[in-house]
Number of protein chains: 2
Amino acid sequence: MAASRTGLARLFSPASVAVVGASTSQDKAGYQAVLALRDFPGEVFPINPKGGEVAGLKAWPSLKALGRSVDLVLFAIPAALCVDAVREAIASGCGAGLILGGGFAEAGPSGAKLQAELEQSCRGHDFRLLGPNTAGFVNTELPLTASFLPSASRIPAGEVGVVAQSAGISLTLSFLLARLGFGVSCGVGLGNAVDVDAPAVIEFLAEHPRTKVIAVYLEGVNHGRRLYETLRRVTPKKPVVAMTVGKRDIGEFAQSHTGNLLGSYAVRVNALRQAGAVVVDSTEELAAAAAVLSLYRLSPKEQAGVGIITAQAGAGLVMLDWLRSRGVSVPALTAPTLARIRACLPPMTYLSNPVDTGRPGESFGDVFAALTDDPGIDAVIAYALSEPAALRPAELLPDLARRTSKPILFGTAGTREETEPTRDALHQARLYVAGSPDELARAAVTLVTDARHRARLARTENVVEPRASALTLPSAPDEDAAKALLESISVPTPRRIACVSHAAAHTALAALAKPVVVKILSAEISHKTEVGGVQLNIADDAGLAAALARLDAIPLDGPRRYLVEETAPAGLELIVGAVRDASFGPTVMVGFGGTLAEAVRDTATRLAPLALEDALEMLEELGAAALFRGWRGGPALDRTAVAQVIVDVGGLLYRYPAIEQFEINPLRVYPHGTLALDALMVLTPSPTALD
Amino acid sequence: MAASRTGLARLFSPASVAVVGASTSQDKAGYQAVLALRDFPGEVFPINPKGGEVAGLKAWPSLKALGRSVDLVLFAIPAALCVDAVREAIASGCGAGLILGGGFAEAGPSGAKLQAELEQSCRGHDFRLLGPNTAGFVNTELPLTASFLPSASRIPAGEVGVVAQSAGISLTLSFLLARLGFGVSCGVGLGNAVDVDAPAVIEFLAEHPRTKVIAVYLEGVNHGRRLYETLRRVTPKKPVVAMTVGKRDIGEFAQSHTGNLLGSYAVRVNALRQAGAVVVDSTEELAAAAAVLSLYRLSPKEQAGVGIITAQAGAGLVMLDWLRSRGVSVPALTAPTLARIRACLPPMTYLSNPVDTGRPGESFGDVFAALTDDPGIDAVIAYALSEPAALRPAELLPDLARRTSKPILFGTAGTREETEPTRDALHQARLYVAGSPDELARAAVTLVTDARHRARLARTENVVEPRASALTLPSAPDEDAAKALLESISVPTPRRIACVSHAAAHTALAALAKPVVVKILSAEISHKTEVGGVQLNIADDAGLAAALARLDAIPLDGPRRYLVEETAPAGLELIVGAVRDASFGPTVMVGFGGTLAEAVRDTATRLAPLALEDALEMLEELGAAALFRGWRGGPALDRTAVAQVIVDVGGLLYRYPAIEQFEINPLRVYPHGTLALDALMVLTPSPTALD
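Residues numbered from 1 in each chain as written. Chains lettered and ligands numbered in written order. Predicted model: local features only at pLDDT ≥ 70, side-chain atom pairs only at ≥ 80, totals over all residues. Heavy atoms only, no water.

Student: What am I meant to see in the overall build of chain A here?
Tutor: Across its full length, chain A carries 23 helices and 29 strands. Across chain A, the fraction of contacts at a sequence separation of at least 24, relative to all contacts at a separation of at least 6, is 71%. A total of about 25100 Å² of accessible surface is found on chain A, and carbon and sulfur atoms cover 53% of it. Measuring between centres, the 63 positive side-chain charges of chain A sit 3 Å from its 71 negative side-chain charges. (Helix = DSSP H or I, 4+ residues; strand = E, 2+ residues; numbered from the N terminus. Contact = heavy atoms within 4.5 Å. Areas by Shrake-Rupley, 256 points an atom, 1.4 Å probe, with all protein chains shown as cover. Lys, Arg positive; Asp, Glu negative; His and termini not counted. Charge placed at Lys NZ, Arg CZ, Asp CG, Glu CD.)

Student: Help me understand empty space enclosed by the protein, please; the structure alone is not making it clear to me.
Tutor: Applying the stated criterion to the full structure yields 4 cavities of 30 Å³ or more. Of the voids in this model, the largest cavity is the one considered here, and its volume is about 80 Å³. B:Gly136, B:Phe137, B:Ser170, B:Leu171 and B:Gly187 are the residues nearest the centre of the largest cavity, which is lined by 13 residues in total. Of all the secondary structure elements, the ones that give two or more residues to the lining of the largest cavity are strand E8 (137–139), helix H6 (167–179) and strand E11 (184–189) of chain B. At 4 residues, the largest contribution of residues to the lining of the largest cavity is made by H6(B). Approximately 60 Å³ is the volume found for the second largest cavity. Along the walls of the second largest cavity sit A:Ala135, A:Gly136, A:Phe137, A:Val138, A:Ser147, A:Ala152, A:Ile155, A:Ala167, A:Ser170, A:Leu171 and A:Gly187, which together make up its complete lining. Residue assignment for the lining of the second largest cavity shows that the elements contributing at least two residues are strand E8 (137–139) and helix H6 (167–179) of chain A. If you tally residues by element for the lining of the second largest cavity, the top one is H6(A), at 3 residues. (1 Å grid on protein atoms, 1.4 Å probe; cavity = no way out; pocket = protein on both sides within 12 Å on 5 of 7 lines; lining within 4 Å. Points joined across faces, edges and corners; volume = space filled by probe spheres on them.)

Student: Can you help me understand the sheet that holds strand E21 (residues 516–521) of chain A in this one?
Tutor: By way of backbone hydrogen bonds, the strands of a sheet pair with one another, either parallel or antiparallel. Residues and elements named next belong to chain A. Strand order in the open sheet formed by 4 strands is E20-E23-E21-E22, with antiparallel pairing between adjacent strands. Both outer strands of the open sheet, strand E20 (496–499) and strand E22 (534–538), are each paired with one neighbouring strand and no more. When strand polarity is set aside, the average angle formed by the axes of neighbouring strands in this sheet is 20°. On the sheet, helix H20 (residues 541–552) packs against E21, E22 and strand E23 (561–566) and is oriented at approximately 175° with respect to E22. (Pairing = 2+ DSSP bridges. Axes fitted to C-alpha atoms, helices over the stretch in contact; angles between N-to-C directions.)

Student: What exactly am I supposed to notice about the relation of the copies chain B and chain A here?
Tutor: One copy of the chain maps onto the second through a rotation around an axis plus a translation along that axis. By a simple turn and slide, chain B fits onto chain A: the slide is 0.0 Å along the axis, the RMSD is 0.1 Å, and the turn is 180°. Interpreted geometrically, this transformation is the action of a two-fold axis. No C-alpha of chain B lies nearer the rotation axis than that of B:Leu596, which sits 3.8 Å from it. Both copies contact each other with a shared surface, as 100% of the interface residues of chain B are interface residues in chain A too. (Least-squares fit on C-alpha atoms with pLDDT ≥ 70 in both.)

Student: Quick question: what am I supposed to make of the packing of helix H11 (residues 283–295) of chain B against helix H17 (residues 437–459) of chain B here?
Tutor: Packed helix pairs are specified by the crossing angle of their axes together with the interaxial distance, meaning the distance between the axes. Residue and element names in this part refer to chain B. With their axes 9 Å apart at the nearest point, H11 and H17 run at an angle of 65° to one another. By the criterion of interaxial angle, the relationship of H11 to H17 is roughly perpendicular. Between H11 and H17 the crossing geometry is right-handed. In this structure, H11 contributes Glu285, Ala289, Val292 and Leu293 to the contact, and H17 contributes Arg442, Ala443, Thr446, Leu447 and Asp450. Residues that form the contact of H11 with H17 fall into these classes: 5 nonpolar, 1 polar and 3 charged. (Parallel < 35°, antiparallel > 145°, perpendicular 65-115°, else oblique. Left-handed = near helix turned anticlockwise from the far one by under 90°. Nonpolar A, V, L, I, M, F, W, Y, C, P; charged D, E, K, R; others polar.)

Student: I'm lost on the side chain of B:His427 in this one. Help?
Tutor: Residues and elements named next belong to chain B. The topology assignment puts histidine 427 in helix H16 (residues 416–428). Reaching out from histidine 427, the side chain makes a polar contact with the backbone oxygen of leucine 180 at a distance of 3.4 Å. Non-local contacts of histidine 427, meaning those with residues more than four positions away in its chain, are made with Leu180, Gly181, Phe182 and Val433. (Polar contact = N/O pair within 3.5 Å; in protein donor to acceptor, adjacent residues only side chain to side chain.)

Student: What is the right way to look at the sheet that holds strand E10 (residues 157–164) of chain A in this model?
Tutor: All names here are of chain A. The 7 strands are arranged E9-E8-E11-E10-E12-E13-E14 in an open sheet whose pairing can be described as mixed. The sheet terminates laterally at strand E9 (144–146) and strand E14 (278–280), the two strands that pair on one side only. Direction aside, the axes of adjacent strands within the sheet are offset by 20° on average. Pairing between E10 and strand E11 (residues 184–189): 5 bridges, direction parallel. Each residue of the ladder has a partner; that of valine 160, found in E11, is valine 184. This element, helix H10 (residues 265–274), spans strand E12 (213–218), strand E13 (240–244) and E14 of the sheet and lies at about 175° to E13.

Student: Can you help me understand the environment of B:Leu431 in this one?
Tutor: Residues and elements named next belong to chain B. Its location among the elements puts leucine 431 in the loop between H16 and strand E19 (432–434). Separated by 156 residues in the primary sequence, leucine 431 and alanine 275 have C-alpha atoms spaced 28 Å apart. Once you skip the residues sitting within four places of it in the chain, leucine 431 turns out to touch Leu295, Tyr296, Leu397, Pro398, Ala401, Ile408 and Leu426.

Student: Just to check I follow, could you spell out the packing of aromatic side chains for this structure?
Tutor: Working definition: an aromatic ring pair is given by the centre-to-centre distance plus the angle between the planes. Residue and element names in this part refer to chain A. For the coordinates displayed, the defined rule picks out 10 aromatic pairs over all chains. Where phenylalanine 182 meets tyrosine 432, the ring centres are 6.2 Å apart and the plane angle is 40°; that geometry is what we call tilted. Of this pair, phenylalanine 182 sits in the loop between H6 and E11 while tyrosine 432 sits in strand E19 (residues 432–434), and the two are 250 residues apart along the sequence. By way of ring pairs, the aromatic residues Phe12, Phe137 and Phe204 are connected into one cluster. Over the face of the ring belonging to tryptophan 60 we find lysine 58, whose NZ or CZ atom lies 4.4 Å from the ring centre. We note arginine 326 situated over the ring of tryptophan 322; from NZ or CZ to the ring centre the distance is 3.7 Å. (Phe/Tyr/Trp six-rings, centres within 6.5 Å; stacked < 30°, edge-to-face > 60°. Lys NZ or Arg CZ within 6 Å of the ring centre and 35° of its normal.)

Student: Any chance you could explain helix H13 (residues 335–344) of chain A here in plain terms?
Tutor: The periodicity of an α-helix, 3.6 residues per turn, causes residues three or four places apart in sequence to face the same way. All names here are of chain A. Listed in full, the buried residues belonging to H13 are Thr337, Leu338 and Ile341. Take H13 and look down its axis: the buried residues cluster within an arc of 95°, on one side only. Of the exposed residues in H13, the ones pointing more than 90 degrees away from its buried face are Ala335, Pro336, Arg342 and Ala343. Buried residues belonging to H13 abut strand E16 (355–356) and helix H14 (364–373). (Buried < 20%, exposed > 50% of the residue type's maximum accessible area, 1.4 Å probe, protein only. Arc of directions from axis to C-beta.)

Student: Could you clarify how one ought to interpret the side chain of A:Asp71 in this entry?
Tutor: Residue and element names in this part refer to chain A. For aspartate 71, the location among the structural elements is in the loop between helix H3 (63–66) and strand E5 (72–75). By relative accessible area, which is 14% here, aspartate 71 ends up buried. Looking at aspartate 71, its side chain comes within polar contact range of the side chain of arginine 10, at 2.7 Å. Filtering out sequence-adjacent residues up to four positions away, aspartate 71 remains in contact with Arg10, Pro14, Ala15, Ser16, Cys94, Gly95 and Ala96.

Student: What am I meant to see in the interface of chain B and chain A here?
Tutor: How big an interface is tends to be expressed through the accessible area that disappears when the partners come together. Each partner contributes residues to the interface: chain B has 82 residues there, and chain A has 82 residues. Summing both sides of the interface, chain B and chain A together bury roughly 6600 Å²; the carbon and sulfur share of this comes to 63%. Our enumeration of links across chain B and chain A arrives at 8 salt bridges. Among the ionic pairs, B:Asp281 bridges to A:Arg326, the shortest N-O distance being 3.7 Å. Viewed at the interface, chain A and chain B are joined by 14 residue pairs in polar contact (both at pLDDT 80 or more). Sorting elements by how many residues they give to the side of chain B that touches chain A places helix H12 (residues 313–325) of chain B first, with 11 residues. When grouped by side-chain class, the residues that make up the side of chain B that touches chain A number 34 nonpolar, 22 polar and 26 charged. (Buried area = accessible area lost by both parts, 1.4 Å probe. Salt bridge = Lys/Arg side-chain N within 4 Å of Asp/Glu carboxyl O.)

Student: Can you walk me through the confidence of the model for chain A in this structure?
Tutor: Residue and element names in this part refer to chain A. The pLDDT averaged across chain A works out to 90; a share of 94% of its residues lies at or above 70. Predicted confidence is poor over residues 1–5, with pLDDT under 50, and the contacts of this stretch with residues over four places away or in other chains come to 9 contacts. Under a pLDDT of 50 for its full length, residues 687–691 has, in the predicted model, 14 contacts with residues more than four places off or in other chains. Complex prediction metrics read pTM 0.93 and ipTM 0.92. (pLDDT = per-residue confidence, 0-100.)

Student: Sorry, what's going on with the pattern of salt bridges here?
Tutor: Oppositely charged side chains can form a pair if their charged atoms are brought close together. All chains considered together, the criterion is met by 80 salt bridges over all chains. Where B:Glu420 meets A:Arg416, a salt bridge forms, and the shortest distance between an N and an O atom there is 2.7 Å. In this pair, B:Glu420 is assigned in helix H16 and A:Arg416 in helix H16 (residues 416–428), connecting two distinct chains. Overall, B:Glu420 belongs to the buried group, its relative accessible area being 19%. When its relative accessible area of 36% is taken as the criterion, A:Arg416 is described as partly exposed. Measuring nitrogen to oxygen at the nearest pair gives 2.6 Å for the salt bridge that ties B:Glu479 to B:Lys519. Separated by 40 residues along the polypeptide, B:Glu479 in helix H18 (residues 479–488) and B:Lys519 in strand E21 (residues 516–521) bring together distant segments of the chain. We classify B:Glu479 as buried; its relative accessible area is 5%. Bridged by salt links that share partners, the residues A:Glu479, A:Lys483, A:Lys519, A:Lys528, A:Glu565 and A:Asp678 form one connected network.

Structure (structure tokens):
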């Protein structure tokens, strides 16, 4: 469903809040939730059948008795009572609800039934529901703490929007941001997300003026395709950093958490990246990446260049190694830049990139300025141990930052007494300060990755459509039909003739270049080789007769046909396949053929449709990508042709919902072009005409 | 050279310190170095030709004039003056020196010459020299700050010993430790390490009572084998954590730093791990790993089990995923443990491992106790957002910790006002506190990794020696000679006959099972296949004659011989090779055969000699390790036989210095046993008799 702007504004920026289940017992969520509203500038209405007072506020016996259509209703009542309470809120004209408690899909079948009723109750109404099973959200701008967790009201205000499936992670992130000296604009825990889900909140935060960057933590994703499309729209305008779990099998515990299945980690991570999010691996990295992107964003660029300044060579090595091993460019400096630096520093230091200043002196700022002026440098990172007698970053850097539009990131270590005032002063000037060389390098990687994603998204705004327009569904999706489909979208296959009889096969042999391959042709058999259904190296009629006899020995229910095909030249073998992921929809993969490739799981995955550039990027991601570039003196292979096949196979599933799965295995790759040697197509259970 | 205990004690724990080059200019290193000694309880002697006073202390015109054999001399003078100054210190009976300044090997040829003279000056004397080109060291126990960096004197005292090639990293680490609430016992920057190097300092710290854990940061390693052997001795007694750089090519900058070449990153990292060090990837991880190991060490165990408690399910998922994806066991709990937990918690929570307590209540401690009592659990990690009304960790955990010998690690996030007093109180009780779920999980990984290394070292204390004792060097190290060597150490090869003539080859054909392979046999040719020197599938005399004719067409200087060999059954192909690394000595590797395996660089590396268990571990490290375990219904392959070959090939290089390189390519692997199909041996330039 599309996000209703009005509805979400009433949820996250309400003028009035009611708490159903407000309690006078201080250890109850219904008391804590009212208490947490004490700084909220709008109206607050505790609802308690007994009336009286809760936390110093007059309590109303029911929403109906209140007689007001409040914007947001917090439900701090048992799961079994929630459906009726939500109906009452809708009837009273309330705009949004938040169910804090659990006991729904995460708690088993009876809870799942309750959750379904809840979903049903909201449907068709202009009422947005957050939760259930969440600790709630904060909007620090109002301020509003819609949560029973006391610590939620202590989240510092700032510019990072947080969307987390788990409110516990949302709060953890908030406090990690606080430790870095940053704060949160809106922090939202989604819980079971029966209505308001990650895409909806991301869409809201994208338009939220106070929010400069969106940090997302996801477990399972139910509507992956919508998340992907939302992120693709949002990331060009506002940076998104994301983290997800599920590298290993943690599904049982995950399901007990929010009732959602995890799905494939690789598909999820790749979809997030493809949509332009900077994907990280830990909550600390998520907080740090959001922090730096709340201050800076590079222009879209494939390979942004980073300049490194260091007062300690060891720290410079650590940063250089970190950047290089993550594919970040640390380019050589121009001659004028080097001349400027040489004029600043004693001859013994390392005058290149990194610039090793040795013990920093008065020229540190000049070196900095020289680097930021270099045309090949898009961001400068500088590390120096705290040494107030030699370097005063809080005095030096704000001036330098004003002189340039390029990000300036600083890193230092020292006693807290020295480094905290420095950090606070630099934060005031909206400058980033890291506490170690690695953290500093990571911040640069974040900026460069975001710029690379943006460049790719800009390039691939109009993804390539498959080369054919309307196709006719084959009656039986056998190899010949699958190959015909490939031909119709201009994917080359070996010359072949489908035959219904031995005689036809002999005629075909005469017409084709020899030797040929003879295969059994039937949609009944998906693994031909395993049943002896592929006969290689047939050069004459005698050989063909023997081959046909062997094929006739394979049991078959339907009609018996043969495929006679020219033998393809030897070449590197790939697998290109597309499936329909339950959450993310059409997904295409590529990997090398053969047992070893399968065993090392050397594959790359993207959502379809995709652009040629995306497909080329997939090839570069493969561990054995070097094989394309003229291995051991051999010729370079045609990567563009492979990329086009990936685009086309992805396009097939994207455009034709009747195709459930399509696989080319193997796809042979040559210095010029490719050949699809075998193709497998699976149609959806009740096939209709394609397109 | 072996570490002289007396010498190093005079260096790191001196009773008296002189500063040569003491200066009255406050911005000079020679002033800062004297100033940094103000808290040193021993005697301090500034040395300045002009006499007078430096930083309030009487200055002496020269060491000679001082007339005392001080323990430690700090040299804060230009590089060109250092050699003479060191000679004077030795002549005066001083015990050790520290050269702070640069201008040596890192600065080019003339500096390298100075450094060589420096090394020469120390040789043969009972005088230990630290540096040059380092910011020095601290010994917080005395306290002693031997450095010109003012921040060095602000390093908090503690139990972590730090050895870093770069003093900048040593200081960064020290402040990262301080941020975690930990401190340093001795922190040493090695610089160019002409005398005192990493192994020497590690050996010293291993015996240093105050030091509970050793943190090592390395760039290039000159005497890798000695480092390895030192670490192997030390890690069973005291934990070592290590970090090194050089994943990508950063050699030029690294060499400019300390004048050392980097060498292979993979060899270095694997050697550190093999010697029992916990290897990490960033300075933050290095500090955190050292911190947790300064508090706890698990007993040697292959698969230590971690119990997880969480008050927030999302945090539990993050921790579980982190541990599982790093191969750490999070075992199921026993029935009695589950019953105890069930009695503590409401039914809706997730009662397994992780235990999700929901909002923590009074039972949190009981759940904790139940987990620590579980026989399958070796360490417990618990995460809860700061919620002082519900949980007071500072009151709860110290009691729990006293009840068990198992490590208890706690993680929390909240406002600094709440979490810092908690952390400080828990540190007082020697408990570890992490600031995020990932950091908490990482701490557990550190303990489990250390325990695993210890178990392996205990198991492999007596590494397997090669199965033969004395060998005779072949006159020409051709394939036949290499295979004879393999046979003599019981590595199986196909049946073969070396032949000097066509007639002999035909006789050989008659004697062997057909078909055979016929190969050119000459030490002149190392890549037979590429010159057509391998003729396959020869079954009769006619075929042999044709094959021999083709071999005779290959130009050759020396005598022409042939190898007639039985064809080996098909099977999975591996490469097993051993080389003599310039720094680490005999090094053995294994990888899968074929182009794809080579392109993905799927290999594992260890130093020789090694135990069978080490070699089996190498096979598990391969990305395609699944191929050994019965791929796609095929039979499981003989991993033990492969491991034995790895041990034996490593042993060849370890025992016989005349062998420079040995490679089996391919080694075929079967369900029972292996066969070395081809073998290549390279001898050192001036070969002498083996053994």
